[in-house]
Amino acid sequence: MASCHVRNNLAALRQLPRVALNNIRDIPEAFTRKHRKGRGPGSKKGKTCGRGHKGQGQRNTKPRLGFEGGNTPFYLSVPKHGFKNTKQKFYSPLNLNRLQFFVDSGRLNPKEPINMYHLWRSGAVGGRIKDGVKLLGTGKTWFQANIDIEVSRASKTAIAAIERQGGKITCAHYNRLGLRVLLKPEKFEGQPIPRRARPPNDLMKYYVDPINRGYLADPDELEKAREANRLASEVD
Amino acid sequence: MSLTSRFLRRNPFFGSFGLLSSPADLPKCQKILLPFCQAPMTSRWYKFSIKPLAPVPKPKPLDVETLPCSGVFSPSVCSFIAERDYENHNSGILAWVTSFTGENPVGLIELNKFVFGANPRIDILQRVVVWQRAKRRAGTACVKTRSEKRGGGRKPWQQKGTGRARQGSIRAPHFIGGGHAHGPKPKSFYYSLPKKVRRMGLRTALSVRYAQGDLHIVDSFKDIESERDLIPLLEKRDWNNAVLVDSEPNSKLRRAAVEMDKVDVLYSLALNVYTILHRKNTILTLDAVRALEERLVEDDRILINKFE
């Protein structure tokens, strides 16, 4: 698919002298020229070269960052506090009212199982999903859709609202690579798909628990819990 | 809950879902080595499981006998067309193939549009040439600083009382015979140009030579034994300033061209932008064209996304 401009350029070459080492050049705008200091007043960086007159600024003898001229510096006088939790997970929130809105407007198909791929593709969960999606219970009273959904985590009220309508919810663990396989399958075309990782030890407790509808829970107990929730809603 | 989470933690194969229908089956599975569970679970296991893309399977070459050109063109030209037709078909870039010894045309071939019909980006040529010349620099320029100069340890005269300016060494930079301040020192001028740009430069150079009519294709250099064979042939066609490119290193041809100042002999892998632009004509054999196209059209295959 050589476009028109390529054809024209090649045709124009026929009229021009032979391209050789002496007549090639780069585009002048392709590179920024290095600023040459101390080359006269016209360059705006002549005389003092932008360093001002006298002292530390000119002679480059400034003290280190945080030095307060001999006082005990702030970073030494104040004790350390706090820490950074390396195991912290950032789940993108998704509320039931937004889920209902997306089902109503036809952007999510309630007849097929929904997972995080569909949520992300439809725009129900925006931006970059870092560790997964957590389903929350805002709008639980008027939630009507009957769906089969899989997310990373779900609140108890959200679980109750979905199962009240006869739906099904499972919470499944995806690590970063697993999430990438799920959300961007086109990146793994023609490659062996990596195995899915099990949850780390501290998350294993959550996903084994049938109360959380964890995907590693005993299927019988999971079914029992779902049944109990459904019966409770019918009584109300 | 029938199983404690403590047990699950110990089981190394728990992450693989598939054969395990329920957690109750786990004790049995622990003893059996499942086929997809053989790799030990390490923190970086997934890095090894991702392999590079497999090369695209090439289509089979066409039957030479069914081609309309069979019998008219020479057999080597026909086999070239049969092999490369699936990518070069209807490219619109036609080139005569002549015999190197006889000068008569032996066939007409279609060249690849991506390789021989690229946009003539003169700036890319310049960038590649500058890079080639920079990395070839020896970088051996060297001068002595005041510490490397001989002598100069003694204070030339006392600090006060002489009426002269104070000095500490006779090898200071402002002295005649003193050391150099900020002079050159041996260093490497190599820098890395992106490989895609290098390949683009080669495509551009070939396309420019084709567009200006300085690209010639011959069947082979096989009958060349010495300079006695080569020089008259080149002079007859006015190819005294040329780069001859074979598909593989050709020692006979190189020896034959040693005496000629303006003739370079290269093979397809060693072909470069600087030499193409340095010489007026570029002469490729059919095998060299095939090798170059196979190598350089790879970028186009990725662009078109022909992977299955």
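Model, not experiment: these values are computed from the prediction.

J.: Could you clarify how one ought to interpret the overall build of chain B in this entry?
T.: Within chain B one finds 12 helices and 6 strands. Counting the 308 residues in chain B, one finds 40% classified as buried. Taking the intrachain contacts of chain B between residues at least 6 apart in sequence as the baseline, contacts between residues at least 24 apart amount to 63%. Element-wise, carbon and sulfur atoms account for 53% of the exposed surface of chain B, whose accessible area totals about 18,400 Å².

J.: I tried to follow the overall build of chain A on my own but got confused; where do I start?
T.: For chain A, the count of helices and strands is 9 helices and 5 strands. When the helices and strands of chain A are read in sequence order from the N terminus, they spell out α-α-α-β-α-α-β-β-β-α-β-α-α-α. Here chain A holds 236 residues, and 33% of them are scored as buried. For chain A, contacts bridging at least 24 residues in sequence account for 50% of all contacts bridging at least 6.

J.: Before we go on, may I ask you to explain the pattern of salt bridges in this structure?
T.: When their charged atoms lie close together, side chains carrying opposite charge are able to pair. Counting across every chain of the model gives 17 salt bridges over all chains. In this structure, R176(A) engages D131(A) in a salt bridge whose closest nitrogen and oxygen atoms are separated by 3.3 Å. One end of the pair, R176(A), is in helix α7 (residues 176-183); the other, D131(A), is in the loop between α5 (116-122) and β2 (132-136), and 45 residues separate them in sequence. For R176(A), a relative accessible area of 46% translates into the label partly exposed. For D299(B), the salt bridge is made with R199(B), and the minimal N-O distance between the two is 2.5 Å.

J.: It is not clear to me how the sheet that holds strand β4 (residues 153-154) of chain A should be interpreted in this structure. Could you clarify?
T.: Adjacent strands of a sheet form backbone hydrogen bonds with each other and so pair up, either parallel or antiparallel. Taken together, 3 strands build an open sheet; the order of strands is β1-β2-β4 (chain A) and the sheet is parallel. In the strand order of this sheet, the two ends are held by β1 (91-95) and β4 of chain A, each with one partner.

J.: Help me out: how do you make sense of the side chain of E87(B) in this one?
T.: Residue and element names in this part refer to chain B. Within the secondary structure, E87 is located in helix α4 (residues 75-88). Residue classification places E87 among the buried positions, given a relative accessible area of 15%. Engagement of the side chain of E87 in a polar contact is seen with the side chain of R84, the distance being 2.9 Å.

J.: Sorry if this is basic, but what is going on with the sheet that holds strand β6 (residues 281-285) of chain B here?
T.: Residue and element names in this part refer to chain B. Taken in spatial order, the 6 strands of this open sheet run β2-β1-β3-β6-β4-β5, and their pairing is mixed. The outermost strands of the open sheet, each flanked by one partner alone, are β2 (105-110) and β5 (263-267). Across the sheet, the mean angle separating the axes of adjacent strands is 30° when strand polarity is ignored. Across 4 bridges, strand β3 (residues 215-218) lies against β6 in parallel orientation. Note on β6: the bridge partner recorded for I217 is L284. Each of β1 (94-98) and β2 is contacted by α4, which is oriented at about 10° to β2, the strand it contacts most. Strands in contact with helix α7 (residues 195-211) are β1, β3 and β6; relative to β3, the strand with the most contacts, it is inclined by about 90°.

Cut-offs used in this document
- Residues numbered from 1 in each chain as written.
- Chains lettered and ligands numbered in written order.
- Predicted model: local features only at pLDDT ≥ 70, side-chain atom pairs only at ≥ 80, totals over all residues.
- Heavy atoms only, no water.
- Helix = DSSP H or I, 4+ residues; strand = E, 2+ residues; numbered from the N terminus.
- Buried < 20%, exposed > 50% of the residue type's maximum accessible area, 1.4 Å probe, protein only.
- Contact = heavy atoms within 4.5 Å.
- Areas by Shrake-Rupley, 256 points an atom, 1.4 Å probe, with all protein chains shown as cover.
- Salt bridge = Lys/Arg side-chain N within 4 Å of Asp/Glu carboxyl O.
- Pairing = 2+ DSSP bridges.
- Polar contact = N/O pair within 3.5 Å; in protein donor to acceptor, adjacent residues only side chain to side chain.
- Axes fitted to C-alpha atoms, helices over the stretch in contact; angles between N-to-C directions.

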